[in-house]
Amino acid sequence: MTRTGQPDRHAPKVFISYSHKDKKWMDRLVTHLGVLGSQGLIDVWDDRQIGAGQDWEEKIESAMGTCAVAVLLVSADFLTSKFVLRKEIPILLERAEEEGVRMFPVILRACTWQRVSWLARMQCRPEDGEPILAPGVDDPTIDAAFAEIADEIADIVAPETPPGSETGSSTSQKRRGGRPAPPADGPPRNNFASVSALFNEDFVGREAILADLHTRLQQGDVALTHALPDTRAAAQALRGEGGIGKTQIAMRYAFEHADDYDGTWWMDASRPAMDASAAKLATVLGMAPGPQETPEIIAGRIREKLSKGRHLLILDNLEEPERLGEFLLQPPGRVLITTRLGSLPTGQVHQVAISIFERHESIALLRKHRPDLEDTAHDEALGLVAEALGDHALAVALGASYLRKRASVTPGELLERLQRANLGEKAHVFAKMDAGEHAAGYALSVAKSLGLHLPDFRDTPAMALLTLAALCHPDDIPVELFVDCTELDQEQVEDWLEKLADVSIIRYDAKGVQVHRLMQEVVRAEVGEDVCRTVIAKLVEGLNARFAEDNDPTLWAIQDGYASHAESCIEHAERLDVTEGTGLLANQLGLYHKNRARFDTALALFRTAERIHRKAFGDEHPEVAIDVNNIGELLRTKGDLDGALKCYREAERIGRKAFGDVHPSVAVFVNNIGMVLHTKGDLDGALECFREAERIDRKAFGDEHPEVATDVNNIGGVLQDKGDLDGALECFREAERIDRKAFGDEHPNVAIRVNNIGGVLFARGDLAGAQEKMTEAFRILVRTYGPRS
């Protein structure tokens, strides 16, 4: 196996052609072909390797003439492209047939492929000659279709097993493609299809790190001293500054050593995304979380399941070391961490320091994008370019993409352009990004290399998109968010994102947009705070629309994809003093997390909303009352009744001052005071509060409003505890009637009322009636939230 990811020089060539609007599909296919490349079985070539000014047709003809396999990603755009319509195509096909080239047409989107005579001649399967019909790019089964292609290619190019070699009885035998094939109807072996963990064709070097990492993970040499007493686990951390390549090393390890584990699993362990990422992983593992399962419960279930086999869990960009214990697997499970932190507990984790490239690795990456510079005569010039870029992986990657896009630019000319990079007054801004001297230098290196590309995008919509991406969480930014927050339609957004991805400024695939954290910092410094304020205001507005409905379970999976971006947006908005709409977003996001049982996150967001609103409106504003009330709700949920009561009384005071004594908001605050008093055993005080809330709501909304149902239900709860079962039953039935009229028969509120009726019937000895009601309540909740409710 070639650890550097550079295929063996004698590996058969696989040629991929596609319309550039289909790049997202191509990226998914390359993920599956990448492992074959890392093993030296194939060399993947596509037309991104054609530089500006080169003869496009000549390069294509050359590639087709030397490849062993050709994969055509076919769509309507491809069928009408100049490549397809050129008269040379029939000649190339005949030549390919004569030389035994296997052709794999993959139908991506609706198109009249049957009418194209040259396409109909191709065969992707000997038995039927039909093209593979790939599902939509967001369809999870697309990976099964592309894995099928990778397997068939492996069958073509892989040599036969030599006589006398070990066969399937060996537990260490490698399967082609580097990943064991799960049963057709079996569980997945990884979650890469649901996260943006893609094979990196441009990976270079790091051989010693990968070898040492594998040795340590296989040995399991780290004793856990307190998080998991009396156990041992192999927990390894790749530690280093931003842009050094930690994630790429972890990703490379995952692909290279997939056969060494029962499963390989990826989690975004950054603070704003960790809980949603864990919930997504639990779902992939067949343990979809229930609505009230806390992050701790979900983490415990993941830990228990993955500790039952030799699984590898990768925690990417860990930011909260105190949460590490939640995901440390028991043997034979393994954990691999990437982090900027140097404070991980040494008794739990062995840390591997990751630094800049070795000079030869930088040169190798530059050459990957410009094979014409392979001659050693270019070594000195390429070395000077690498030195100017600080041998920093992200900076070198940007420089390499610049060389690729400008095939006529020599390394010496690139060096001159880097030396002319004028950061002007922004140099001190970059230097302040991190207190560490090295980290500041890395930012300057990335700024220089990014500066090579930015002139191509100035005064274009790409800069607004890039700035927006720099203000979000760096991973999986939905394309729809760019549409929501700009004047561009989806096609325009996709076109500009593809242009940015083509020069490696961002990564753009089926999951959305990914942009490196250090790149985000450089972009924010480059465009300046005024531009960031303008963009963040639009981002706040767009995200508020996404979280306007905070308690709709049917939206939770979608909102999970926006939550980390909303939290990042709030942080930047507060830093830039953009208050309009920001407090509302913090509040709505807090409510959403509260409904997902992520109570610590919700509490922090409610306190952020309070801080923003106090600064914007003063201490006596109704928005502050709402924030303080919501803080009280979280404290009550967490069991801090005295803290909750203090918050509710402050909210009530502000509300009465702002609205008077008969406003619905006052009813909410009074009701919540009653809830705490009820829990503390002050039944008379609670009953007084609930009846005042009922009077206010009946006057404000009328007798048939759901708020009245809530008040009446709460009164019934106190009456039941006081022993007045008849009064309680009357209240619960009135609440049920109102909610059925308002919401229909299948709403969770109806389930609560019906269950309460069942409780009273049980207390009265009507067991059959109680069972009927409680069964109905359970059915409604399962229908709404799923079987884990």
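Residues numbered from 1 in each chain as written. Predicted model: local features only at pLDDT ≥ 70, side-chain atom pairs only at ≥ 80, totals over all residues. Heavy atoms only, no water.

(A) Spotlight on the environment of N755. If you trace the backbone, N755 turns up in helix α32 (residues 748–763). Of the residues examined, N755 reaches a relative accessible area of 34% and is grouped as partly exposed. C-alpha of N755 to C-alpha of F732: the two residues are 23 residues apart in sequence and 9.3 Å apart in space. Excluding residues that lie within four positions of it along the chain, N755 makes contacts with M774 and A777. (Helix = DSSP H or I, 4+ residues; strand = E, 2+ residues; numbered from the N terminus. Buried < 20%, exposed > 50% of the residue type's maximum accessible area, 1.4 Å probe, protein only. Contact = heavy atoms within 4.5 Å.)

(B) Local environment of the pattern of salt bridges. Counted according to the given criterion, the structure contains 48 salt bridges. Note that D212 is salt-bridged to R216, the shortest N-O span being 3.3 Å. Of the two residues, D212 and R216 both sit in helix α8 (residues 207–219), 4 residues apart, roughly one turn of that helix. Judged by its relative accessible area of 32%, D212 falls in the partly exposed class. A salt bridge links E526 to R458, with the shortest nitrogen-to-oxygen separation between them at 3.1 Å. A residue pair is termed long-range when its members are at least 10 positions apart, and E526 in helix α21 (residues 517–527) and R458 in the loop between α17 (437–453) and α18 (461–470) qualify at 68 residues. Through salt bridges with shared partners, one network takes in E736, R740, D745, K773 and E776. (Salt bridge = Lys/Arg side-chain N within 4 Å of Asp/Glu carboxyl O.)

(C) How the structure looks around the packing of α8 against helix α9 (residues 246–256). At a minimum axis distance of 11 Å, the contact between α8 and α9 shows a crossing angle of 65°. Note that α8 runs across α9; the crossing there is right-handed. Residues I209, L210, L213, H214, L217 and Q218 of α8 form the contact with α9, whose participating residues are I249, R252, Y253 and E256. Here the residues of the contact of α8 with α9 sort into 6 nonpolar, 2 polar and 2 charged. (Axes fitted to C-alpha atoms, helices over the stretch in contact; angles between N-to-C directions. Left-handed = near helix turned anticlockwise from the far one by under 90°. Nonpolar A, V, L, I, M, F, W, Y, C, P; charged D, E, K, R; others polar.)

It is worth stressing that arrangement in space is one thing and function is another; only the former is reported here.
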